[in-house]
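Understanding the architecture of this molecule
Here are the chains, one letter per residue:
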Amino acid sequence: QVQLVESEGGLVQPGGSLRLSCTASRSIFSMPAMGWYRQAPGKQRELVAFVTRGGGTVHADSVKGRFTISRDNAKNTVYLQMNSLKPEDTAVYYCNQYSAAWQRYDYWGQGTQVTVSS
């Protein structure tokens, strides 16, 4: 089981920016896709974005134009650049592999808290 460690999140003012990173314990090159997810208090975990092995990306409508996912296979790292943050982006953010069955994954890392507030 690959271990995934997210970077520290933090408290950001509305309109601010933050970059999250996620480093895997082994090569991610063989993984077809990697994703970022988030879970707000009282809500279900949702997909934020995913990036394919070749660099193709898909972003949720709620973050399109503000967030950008990317991957560096050489560093076994996936990034999430978050700009124009809103209070509704407040959540615990997780990275994981991505597939159509992601909601049935058993393994999730500890996640990282992102709080958007003035």
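All figures in this text were calculated on a predicted structure; none of them were measured in a lab.

So, how was this worked out
- Residues numbered from 1 in each chain as written.
- Predicted model: local features only at pLDDT ≥ 70, side-chain atom pairs only at ≥ 80, totals over all residues.
- Heavy atoms only, no water.
- Helix = DSSP H or I, 4+ residues; strand = E, 2+ residues; numbered from the N terminus.
- Rg over C-alpha atoms; globule rule 2.2 N^0.38 Å.
- Buried < 20%, exposed > 50% of the residue type's maximum accessible area, 1.4 Å probe, protein only.
- Contact = heavy atoms within 4.5 Å.
- Areas by Shrake-Rupley, 256 points an atom, 1.4 Å probe, with all protein chains shown as cover.
- Lys, Arg positive; Asp, Glu negative; His and termini not counted.
- Charge placed at Lys NZ, Arg CZ, Asp CG, Glu CD.
- Pairing = 2+ DSSP bridges.
- Axes fitted to C-alpha atoms, helices over the stretch in contact; angles between N-to-C directions.
- Phe/Tyr/Trp six-rings, centres within 6.5 Å; stacked < 30°, edge-to-face > 60°.
- Lys NZ or Arg CZ within 6 Å of the ring centre and 35° of its normal.

1. Comments concerning the overall build of the chain
Along the backbone of the chain there are 0 helices and 10 strands. Ordered by position from the N terminus, the helices and strands of the chain form the series β-β-β-β-β-β-β-β-β-β. Whereas a compact globule of 118 residues would reach a radius of gyration of roughly 13 Å, the chain reaches 13 Å, a difference of no more than 12%. Every one of the 118 residues in the chain was classed for burial, and the buried ones make up 43%. Restricting to contacts in the chain with at least 6 residues of sequence separation, those with at least 24 account for 56%. For the chain, the computed accessible surface area is about 6300 Å², with 47% contributed by carbon and sulfur atoms. Side chains of the chain give 12 positive and 8 negative charges; the mean places of these two sets differ by 5 Å.

2. Some points on the sheet that holds strand β5 (residues 46-52)
Read from one edge to the other, the open sheet built from 6 strands follows the order β2-β10-β9-β4-β5-β6, with strand pairing classed as mixed. The open sheet has two edge strands with one neighbour each: β2 (10-12) and β6 (57-59). Ignoring which end each strand starts from, the neighbouring axes of this sheet average 20° apart. Sheet analysis places β5 next to β6, joined by 3 bridges and oriented antiparallel. Within the sheet, the bridge partner assigned to A49 lies in β6 and is H59.

3. A few points about the packing of aromatic side chains
Scanning the model with the defined rule gives 6 aromatic pairs in all. Ring geometry for F50 against Y98: centres 3.9 Å apart, planes inclined by 5°, an arrangement best described as stacked. Linking F50 in strand β5 with Y98 in the loop between β9 (91-97) and β10 (112-116), this pair joins segments that are 48 residues apart in sequence. Each ring, one from W102 and one from W108, has its centre 6.4 Å from the other, and the planes form 85°; the classification is edge-to-face. Taking the relative accessible area as the measure of exposure, W108 reaches 16% and is therefore buried. Site record: aromatic cluster; members linked through ring pairs are Y37, Y94, W102, Y105 and W108. Taking NZ or CZ as reference, R45 lies 4.3 Å from the ring centre of Y94, over its face. One residue, R45, lies across the ring of W108, its end atom 3.9 Å from the ring centre.

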